[in-house]
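Coordinate inspection notes
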Amino acid sequence: MNSKSRNPLAPTTEQIADGVWRHAGDIRRGMNVYFVAEEEGPGVFAFDTGTRAMAGGIRKAAAELGGLRRVVLGHSHVDHRGSAAKLGVPVYCHPDEVADAEGDGGVHYQPLGEVPVTYSRWLYRVVYPIWDAGPVKISGTLSEGDRIAGFEVVHFPGHAPGQIGLWRESDRLCLSSDTIYLTDSMRPLGHHPGIYPPHPVFDQDAEQTLESVRKLAALEPSKIAPGHLEPLRGERAELRARLEAAADERTGW
Ligand SMILES: [Zn+2]
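Residues numbered from 1 in each chain as written. Predicted model: local features only at pLDDT ≥ 70, side-chain atom pairs only at ≥ 80, totals over all residues. Heavy atoms only, no water.

Considering the pairing of strand E5 (residues 68-72)
How we decide: Two strands pair under a simple rule: DSSP has to find at least two bridges between them. Numbering goes from the N terminus for both helices and strands, where a helix is a DSSP run of H or I of at least four residues and a strand is a run of E of at least two. Look down the strands so they point away from you; if going from the first strand over the helix to the second traces a clockwise path, that crossover is right-handed.
As paired strands, strand E4 (residues 44-47) and E5 are joined by four bridges and run parallel to one another. By the bridge assignment for E5, Ala46 is matched with Val71. Read as a crossover between parallel neighbours, the route from E4 over helix H1 (residues 55-63) to E5 is right-handed.

Right under this line is the structure:
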């Protein structure tokens, strides 16, 4: 696989679990796409698609894994569907996410003008249109309990109405899209490690966002592969407690 490049802007692809690769790209390699080996190979599907600028890198990296067969959107926000319209493969999502995936990517419920940190308020309004290649046609849907390539679909609504994660009990791995952030999204240019429920400005329903963090906690994952930054690994009970505390304390709100 293409390993860590010396070019700070080049994407990286690394295997993080059996049949799962993390492809990290865009600014500070902060956007994650996960490649999951198809059960009836060859090739992989992409869970989330990062930003528009990542389309070429995704195609190239997926080709080394047998080719990109389809896309599954964790949710339709512009930094997750961003390159989907440019990848030329069928796109799937949760039924409650179809309208926004085929529409504005959920921008209609995100009051970016209310971001409380001044530089971020401007930053997000500038980068959103740059990140997004636009609406995608949805070919099919995936709902709670459906199986795909050895994973079970889990509905994590709130941040987006049809946000989903992929859960594999055998190694307690959850691909969690934006169920949690691992940095403070209000101060994205700094380094603020921790577990943060997505800020209400980005959520369709902020209370449901907290419930979904508790739902993720109750799965007792030992590895969480989020939509942004490095996977979070830990002992089951310890991770559960940290996730529950983040929901209870509304960290970062
Ligand atoms: Zn995101």
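Now that the structure is up, let's keep going.
A few points about the packing of helix H4 (residues 206-219) against helix H5 (residues 236-249)
Note the following rule: Note on geometry: axes are C-alpha line fits, over the in-contact stretch for helices, and angles between N-to-C directions span 0 to 180 degrees. An angle below 35 degrees is treated as roughly parallel, one above 145 as roughly antiparallel, one from 65 to 115 as roughly perpendicular, and anything else as oblique. Residues are treated as being in contact if the distance between any of their heavy atoms lies within 4.5 Å. Throughout this entry, Asp, Glu, Lys and Arg are counted as charged residues, while Ala, Val, Leu, Ile, Met, Phe, Trp, Tyr, Cys and Pro are counted as nonpolar. The remaining residues, Gly among them, count as polar.
Between H4 and H5, the least distance of the axes is 8 Å, while the angle of their chain directions is 170°. Put simply, H4 runs roughly antiparallel to H5. Note on element contacts: H5 touches H4 through Arg240, Leu243, Glu244, Ala247 and Asp248, opposite Leu210, Val213, Arg214, Leu216, Ala217 and Ala218. Looking at the contact of H4 with H5 residue by residue, the classes come out as seven nonpolar, no polar and four charged.

Examining the pattern of salt bridges
Selection criterion: Within this document, salt bridges are pairs made up of a side-chain nitrogen of Lys or Arg and a carboxyl oxygen of Asp or Glu, the two lying within 4 Å of each other. Each residue's exposure class comes from its accessible area (1.4 Å probe, protein chains only) as a fraction of the maximum for that residue type: buried when under 20%, exposed when over 50%, partly exposed otherwise.
Across all of its chains, the model carries 16 salt bridges by this definition. A salt bridge links Arg70 to Glu38, with the shortest nitrogen-to-oxygen separation between them at 2.8 Å. One end of the pair, Arg70, is in strand E5; the other, Glu38, is in the loop between strand E3 (31-37) and E4, with 32 residues separating them in the sequence. With relative accessibility at 25%, the residue Arg70 sits in the partly exposed group. In this structure Glu38 comes out as buried when scored by relative accessible area, which is 13%. We note a salt bridge from Lys215 to Glu144, for which the minimum N-O separation is 3.0 Å. Taken as a pair, Lys215 in helix H4 and Glu144 in the loop between strand E7 (138-141) and strand E8 (147-148) lie far apart in primary sequence, 71 residues in all. Judged by its relative accessible area of 45%, Glu144 falls in the partly exposed class.

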